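Fold and geometry: a report
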Amino acid sequence: MESVVPAEITAELTQILSNLVLGDNEIRSNAEKAVNDRLAQTPELYLLALTQFAIAADTEVMRSFSLVLLRRLLFRPAPTTGPRAAPHTAPRLTLYDHLSSQTLTTLERLLLHSLSHEPAQKVRRNTVDTVCDIANQGMARGRPWHALQSQAFAMSQALGPHEALARASAFGVFSGAPNLVMDLQTEVVLHVFQKGLQDPDSIDVRHAALRGSVAYLEAADAQQLAQALPLMYPMLETLPALAHSLALAQPFSQPASVPAPSTPVPPNTTTSNYHHLSVFLAVLTPLCTSHPTLFAPHLPALLQFLPALILPAADCGPTPTVGRPFPHRGATGNGGGGGASGSGRQGAFVFPPDGMTASSPSSSSSSSSPGTGTGGEAEGQARKHAEEDEELAQEDDLRQTLRLSALEFMISLSEAKAGMVRKQPGWTEIVVRACLEAMGEFDEEAEGGLEGWLSDDPSNSSSSAETDSPPALYEQSLDRLACAMGGRAVLPPAFQYIPSMLASYDWRVRHAGLMAIAAIGEGTGKVMQNELGKIVDLVTPMFSDSHPRVRYAACQCVGQLCTDLEEIIQEKYHQQLFAVLIPTLEDPEPRYAPSHPALHRPPPNYNYAHRVHSHAAAALINFCEGVERDTLLPYLDPIVERLLKLLNPAGDPATVKRYVQEQAITTLAMVADASELTFVKHYSSIMPLLLNVLRNADGPDYRKLRVKAMECAGLIAIAVGRDVFRPDSNTLVELLIRIQKGPVDPADTQLGHYLIATWAKVCQAMGPEFEPYLPVVMPALIQTASAKADVSVYEDDEEKVEEREGWETVVMDGQTLGIRTSAIEEKCQAFETLVIYCSTLGARFAPYLAQSLEVTLPALRFYFHDGVREACALLIPMLLAAGKASATLTNQMVSATFHQLISCISTEHDASFLASLYKCFNDAMRVIGGAGALPREYNEGVVEATKRQLQGLADRRKGRANRAANLINSEGSSGGGGGGGDKEEMALLEEIEDFALEDMMRMLMSLDPNHPLLVAVSSVKDLGFNTWDSDEEEEEG
């Protein structure tokens, strides 16, 4: 292709790009600076040179790199010489916006050449991505790319296997830039997509066409959706076409007007089709969420096809041979189809059925008897067997991925349109059974066997490793299904299997049964409580199970039920549950269950019950959160006795597990909080231990133990009261001061948080006697409360912000901001602590009144964190009351307070915080002496602000009512299915506004019981469309 830039520019750019990909940091930095310099001086020339290099470069790597770089450079903000724009200003123009029309035309022409002529598939994908970005950005700026539309259509019609890459690229463009086809005749677009979905030569073309079809449907309006319904048949038929080689094909029923695809299966392996089928399902899954009603006519066919993917059939494992009498079923052991696991378990199900998979090499290989072959032959056989095991392991992984993809498809559809799916007989039952089966497929070998699990420290374990394991993913799926479908749909099929699972010989199945009860508790709680007695009778015997992981699961089950059915289960079944939880804290006869018969004796100094003890203590926390004090009292002594043993165990110190001590301290704190003054009898046994921890627990290994001891000491001090705590108060305060003044450990990110929280608890416990310690705690607290938000304005690469741990990204006025969450959480905690100090000390807090008001009033507009603003609204009346009680409240303080409150009320858009502002205003007015003491200017100011709010609320509620009416009218024909979620969201907003209107009404009545605006408030409230009752009835039905 003819060059569009001088040769010297091309040569210079070639050298710069070559330096950019080098590993030397200095060379790469200089190359980056050179790119920025050239773009600042002659951007058009170098962007064209970069585009041309993406066509002419010798290597695929450099062509791909050039395309990626071009996409990033075109749409980053153009370099400026002036001051940096503030976050609230309009977004800056990009380099693309500064290019002339001629340059853009040339650039587009070069990219179209790459789109049609690039021979490498990987590079072509980068071309598609770049072309789509430019097309989307151009259309957003009013510059349609008609040449791209024409070329993509032409490429999609290219014939023959040799043009498969062109067809896939064309559908990739339609997928990435669906607006290219949205203004064309629907029949023409559907014909093009249907032809691509039935492509006889390439799975890649069918995949790209499926992505394009999904993008088209998601971008279509209601009229286009109604016309595009026939497209769903060829889209869904891509799945059985792939499953032919897996012996699972069952074509979807379709009308005669839509021809069935004659799609011969290309010469792909079974393994690759597992992968492709997973990918195709993953492409369809977002459509389940955005437009679930499109699938309504196809539910019966889907229910015939999908169970074969998620409900595998029986598998006896690989065929034994003379050379391999005990063959392994894959190294990973997850048995993607539920087959054998690495730990030797044969699952009840595996997919696909026997005789329908590609024949295993091991079943047909000839093997000599042991000892009959030569050394070389034996080595060759061993190598061959290792390769076979590796292939089986890879196939198992792909099967597992396919099962999870099919399940995610069904769960997403269930979540998006539960009412529709609930009417399809068998749907819920299939998903429940699939989840229950797969939850018992453990790969214990990967976890180091039982010994590895027992000796592991859960506080150091990766949380993602546990939550991302296949059994955990199926457990999460069951939880999501229960929350979506409700108890009436999920409980019957679940408890068709769970009782027999709990009686299984296999500990994994018993474990899965318990975890399943825990998983469905949240979503089925309303119905489950009617059968709670039977469930408790099923669960409690499992605390005596011979396997520690089953006992651990029993603790998890009870703890989760105590959270999901809070107060109900504690009130009715506390006796049965305490009877099993308390002994489990001790577990005096640990059962040793080695993973291999040769390990008939436990290792020296081995205690298998540590993890069970710890989890039982954790379950007690959940139990105590919903228990009445009088219910807990009879069990207090045995609970504390056993927790003390865990905290300060006798015997060999080498057997003590620090995470068990940490959990024991946490549970003691919760028990003390729940039992209140009754905990006094145990105070003398526990507080010295905690103080001893604070004296001696130094070093990085004891960070968590130390902060847990601080928290527990504070909670116990509150529970037992000032008189009991007084003898130890000075000791605890001195220890806290020593810790606060100690060397700062940058790696200890929790200490500051726990110190502030513990000081607050000590203040609550000591009451007025805490006043002398205010000079110790207040300077740091005021500094934390006055800290500005740590905000970064992101311009170049959004991924960099998202990858920063402890940072959150938000988009405001077209700019992406990165906010350090830890800093604003500390700020929120500081204001919450000020609330505690001021409410506890009252007039004694007066020396810090002015400082506190100075940081609190501006923070009412701290929009980065709602908790900060809510704490400030709660704190302001307390500060005024403290000032009034101490005679230190000045007119200037009162004026500044009411001026800020009225200003905030006038401009507030968040109805939830608006309610808090009105309550704050009303409470503050009451503190200064009521409406009669409020200066006239503030009376008039708050009335004017209220009028503006009433007008805004009225407009929003009218618009919402119109939108709800439109949703009701269009929901049946659009196929969107998102109307229900929109109505629920609108109803929630309306309920929040009702709370604001009620607080507004209280404030007006305080001003004047017959205030004329009270009628206006009632009128605005009546504008709501009130859908809550109907939603709840539909949910229950």
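What comes next concerns the included structure. (Residues numbered from 1 in each chain as written. Predicted model: local features only at pLDDT ≥ 70, side-chain atom pairs only at ≥ 80, totals over all residues. Heavy atoms only, no water.)

1. Brief notes about the side chain of R124
Among the secondary structure elements, R124 is positioned in helix α7 (residues 121-140). Despite being buried, R124 has no salt bridge partner; E118 is the closest side chain of opposite charge, sitting 6.3 Å away. A polar contact is formed between the side chain of R124 and the backbone oxygen of L115, at a distance of 2.7 Å. Looking at R124, its side chain comes within polar contact range of the side chain of S169, at 3.5 Å. (Helix = DSSP H or I, 4+ residues; strand = E, 2+ residues; numbered from the N terminus. Buried < 20%, exposed > 50% of the residue type's maximum accessible area, 1.4 Å probe, protein only. Lys, Arg positive; Asp, Glu negative; His and termini not counted. Salt bridge = Lys/Arg side-chain N within 4 Å of Asp/Glu carboxyl O. Polar contact = N/O pair within 3.5 Å; in protein donor to acceptor, adjacent residues only side chain to side chain.)

2. Focus: the packing of helix α3 (residues 43-56) against helix α6 (residues 101-117)
When two helices pack together, their arrangement is given by the angle between the helix axes and by the axis-to-axis distance. Axis separation between α3 and α6 bottoms out at 9 Å; the angle between their running directions is 10°. One element, α3, and the other, α6, form an angle in the roughly parallel class. Counting all contacts with α3, which are made through E44, L48, T51, Q52 and I55, the residues of α6 involved are T103, T106, L107, L110, L111, H113 and S114. Looking at the contact of α3 with α6 residue by residue, the class counts come to five nonpolar, six polar and one charged. (Axes fitted to C-alpha atoms, helices over the stretch in contact; angles between N-to-C directions. Parallel < 35°, antiparallel > 145°, perpendicular 65-115°, else oblique. Contact = heavy atoms within 4.5 Å. Nonpolar A, V, L, I, M, F, W, Y, C, P; charged D, E, K, R; others polar.)

3. Considering the packing of helix α32 (residues 658-675) against helix α34 (residues 703-720)
Their axes nearest at 8 Å, the elements α32 and α34 cross at an angle of 15°. Looking at the two axes, α32 sits roughly parallel to α34. Judged by the sense of rotation from one axis to the other, the crossing of α32 with α34 is left-handed. For the pair α32 and α34, contact is made by R658, Q661, E662, I665, T666, L668, A669, A672 and D673 and by K704, L705, K708, A709, C712, L715, I716 and A719, respectively. (Left-handed = near helix turned anticlockwise from the far one by under 90°.)

4. Regarding helix α13 (residues 232-243)
The buried fraction of α13 is high, at twelve of twelve residues. M232, Y233, P234, M235, L236, E237, T238, L239, P240, A241, L242 and A243 are the residues of α13 that are buried.

5. Digging into the packing of aromatic side chains
Aromatic rings considered in pairs are described by the distance between their centres and by the relative angle of their planes. What the rule picks out here adds up to 16 aromatic pairs. Three or more aromatic residues link up through ring pairs in this structure, and these residues are F153, F171, F174, F193 and Y216. When the ring centre of Y702 is taken as origin, the NZ or CZ atom of R658, which lies over that ring, is 4.9 Å away. Sitting over the ring of F862, K827 keeps its end group 5.0 Å from the ring centre. (Phe/Tyr/Trp six-rings, centres within 6.5 Å; stacked < 30°, edge-to-face > 60°. Lys NZ or Arg CZ within 6 Å of the ring centre and 35° of its normal.)

6. A few points about the pattern of salt bridges
On inspection of all chains with the given rule, the structure shows 36 salt bridges. Note that D923 is salt-bridged to R926, the shortest N-O span being 3.0 Å. Of this pair, D923 and R926 both sit in helix α43 (residues 911-928), three residues apart, roughly one helical turn. Judged by its relative accessible area of 52%, R926 falls in the exposed class. Residue R957 pairs with D994 through a salt bridge whose shortest N-O separation is 2.9 Å. You can see R957 sitting in helix α44 (residues 936-974) and its partner D994 sitting in helix α45 (residues 979-1007), a full 37 residues away along the chain. D994 carries the same exposure label as R957, and that label is buried.

7. A look at unusual backbone geometry
Positive phi is not limited to glycine here, since E567 has a value of about 80°. Looking at where E567 falls in the secondary structure, it is placed in the loop between α27 (548-564) and α28 (568-584). Of note in this structure, E676 is not a glycine but carries a positive phi near 60°.

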